[in-house]
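The lines below spell out each chain.
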Amino acid sequence: MKDPDRLAELGDDWCDLSEGSDLTEECDRDHASLSRELRIEVHPDHPFFGAALEVIAHRYSNDDVLCRHSDTPARYSIIHLTWSKREEIGSCPTIDADGGWSHIVAYEDGIDAALSAADALEQDGRRTPMGPAGTPSRPLRLGEHRHSG
């Protein structure tokens, strides 16, 4: 990114792929494979087909990538890859957030707020911990998604 401090606004769940960024011990991803998989998955009916997307970061906790639109550098998107290693169909890969930098930060803040609310409900017993499939899961641990502070 032109401003490496911007990525810090999103918290510590993101690995910076920008040139000159330091590799971290917690990142075991092949960074070149992220761009390759994005190019493979985006199909002719996808809204970003033919768009010049630069993968600038990936989320540690899932398969999200943060992209900058090369033709409109003030536009960013968070895209969730499927890792099917083939062209997708329908709405996959999903576009989770799209817009200016403030939109990306607001999206991340919304996730943090939802996780904090769910954690509070779990802590006082008003919510059974649930996993992505809607089945009982381990309790949330704040900080797994994003470092607050």
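What you see is a predicted model, and the numbers here were worked out from it, not measured in a lab. (Residues numbered from 1 in each chain as written. Predicted model: local features only at pLDDT ≥ 70, side-chain atom pairs only at ≥ 80, totals over all residues. Heavy atoms only, no water.)

A. Fine view of helix 2 (residues 31-41). Along helix 2, the residues that are buried comprise His31, Ser33, Leu34, Glu37, Leu38 and Glu41. For helix 2, the arc enclosing every buried residue in end-on projection is 145°, short of the 170-degree limit, so these residues lie on one face. On its buried side, helix 2 packs onto strand 1 (14-16), strand 2 (53-59), strand 3 (64-69) and strand 4 (72-80). (Buried < 20%, exposed > 50% of the residue type's maximum accessible area, 1.4 Å probe, protein only. Helix = DSSP H or I, 4+ residues; strand = E, 2+ residues; numbered from the N terminus. Arc of directions from axis to C-beta. Contact = heavy atoms within 4.5 Å.)

B. Expanded view of the packing of aromatic side chains. Summed over the entire model, instances satisfying the criterion amount to one aromatic pair. Geometrically, the ring pair formed by Tyr76 and Trp101 is edge-to-face, given 5.0 Å between the ring centres and 75° between the ring planes. You can see Tyr76 sitting in strand 4 and its partner Trp101 sitting in helix 3 (residues 101-123), a full 25 residues away along the chain. No difference in accessibility class separates Tyr76 from Trp101, as the two residues are buried. (Phe/Tyr/Trp six-rings, centres within 6.5 Å; stacked < 30°, edge-to-face > 60°.)

C. Representation of the pattern of salt bridges in the model. Scanning the entire structure with this criterion turns up seven salt bridges. One salt bridge in this structure joins Arg36 and Asp30, with 3.4 Å as the shortest N-O distance. Two residues, Arg59 and Asp64, come together in a salt bridge whose shortest N-O distance is 2.9 Å. One exposure class covers both Arg59 and Asp64, and it is buried. (Salt bridge = Lys/Arg side-chain N within 4 Å of Asp/Glu carboxyl O.)

D. Structural view of the pairing of strand 3. For strand 3, the buried fraction is high: six of the six residues fall into the buried class. With burial as the criterion, each face of strand 3 is covered, one bearing Asp64, Leu66 and Arg68 and the other bearing Val65, Cys67 and His69. Across five bridges, the pairing between strand 2 and strand 3 is antiparallel. Residue pairing for strand 3: Ala57 is matched across the bridge by Leu66. Hairpin connection from strand 2 to strand 3: four residues lie between these consecutive antiparallel strands. Two elements, strand 3 and strand 4, share six bridges in a ladder whose sense is antiparallel. Counted as the bridge partner of Asp64 is His80 from strand 4. (Pairing = 2+ DSSP bridges.)

Taken by themselves, the reported measurements are silent on function.
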